[in-house]
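Spelled out from the first residue to the last, the chains are:
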Amino acid sequence: MGRMYGKGKGIATSAIPYKRRAPTWLKMKTDDVVDHICKLARKGLTPSQIGVTLRDSFGVPMVKTVTGNKILRILKGNGLAPELPEDLYCLIKKAVAIRKHLDRNRK
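Residues numbered from 1 in each chain as written. Predicted model: local features only at pLDDT ≥ 70, side-chain atom pairs only at ≥ 80, totals over all residues. Heavy atoms only, no water.

### Looking at the pattern of salt bridges
As a reminder of what qualifies: Salt bridges are defined by distance alone: a side-chain nitrogen of Lys or Arg within 4 Å of a carboxyl oxygen of Asp or Glu. A simple rule labels every residue: compare its accessible area, found with a 1.4 Å probe on the protein chains alone, to the largest value its type can have, and call it buried under 20%, exposed over 50%, or partly exposed in between.
Under the criterion given, the structure shown has one salt bridge. Notably, a salt bridge pairs D56 with R55, separated by 2.9 Å at the nearest N-O pair. When its relative accessible area of 47% is taken as the criterion, R55 is described as partly exposed.

### A short note on the side chain of T67
To keep it simple, the criterion reads: Put simply, DSSP H or I for four residues or longer makes a helix, DSSP E for two residues or longer makes a strand, and each gets a number counted from the N terminus. Here, residues are in contact when the closest pair of their heavy atoms is within 4.5 Å.
Relative to the helices and strands, T67 resides in helix α3 (residues 63-67). Apart from residues no more than four positions distant in its own chain, T67 is found in contact with T30, V33, V34 and I74.

### Here's the deal with the side chain of T65
Formally: Polar contacts, as counted here, are pairs of nitrogen or oxygen atoms within 3.5 Å of one another; within protein the pair requires one atom able to donate a hydrogen and one able to accept it, and residues that are adjacent in sequence qualify only if both atoms are side-chain atoms.
Relative to the elements of secondary structure, T65 occurs in helix α3. A polar contact is formed between the side chain of T65 and the backbone oxygen of M62, at a distance of 2.8 Å. Beyond its immediate chain neighbours, meaning those up to four positions away, T65 contacts R20, R21 and A22.

### Quick word on helix α1 (residues 30-42)
Since the α-helix advances by 3.6 residues per turn, residues separated by three or four positions end up pointing in the same direction. Convention followed: The span one expects for a helix is its residue count, reduced by one, times 1.5 Å. Each C-beta atom gives one direction from the helix axis, and the arc is the one those directions make.
Given a rise of 1.5 Å per residue, 13 residues ought to cover 18 Å, and the 19 Å separating the end C-alpha atoms of α1 matches this to within 8%. Three or more residues of α1 are buried, namely V33, I37, C38, L40 and A41. Projected down its long axis, α1 shows its buried positions confined to an angular sector of 165°, all on one face. Relative to its buried face, α1 has exposed residues pointing more than 90 degrees away, namely D31, K39 and R42. Those residues of α1 that are buried are in contact with α2 (47-58), α3 and α4 (71-77). Trailing α1 by a residue or two, G44 shows a phi angle of about 105°, which is positive.

In structure tokens form, the structure reads like this:
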């Protein structure tokens, strides 16, 4: 879709690095990353929130390149996976919020 005040079409995206191994500047070991993931999951964070926290606070660019597994698989291996998938949980939460809004604002 074109922009209202410019020529751009707006298709810029970020790209995942081609190398599928951990960057050389990362000093955290696999066990440290797994321990942080388990601690954050016990606090009640979702897998996407855990990934954002690891990226922003600990400098881990991609968990899969460091550990070899994704965050949800690590959580399943340690018995900390949520009973509902995160995307389904967000859809249910949104539906409840919409239903509550319609109940309050019905004409």
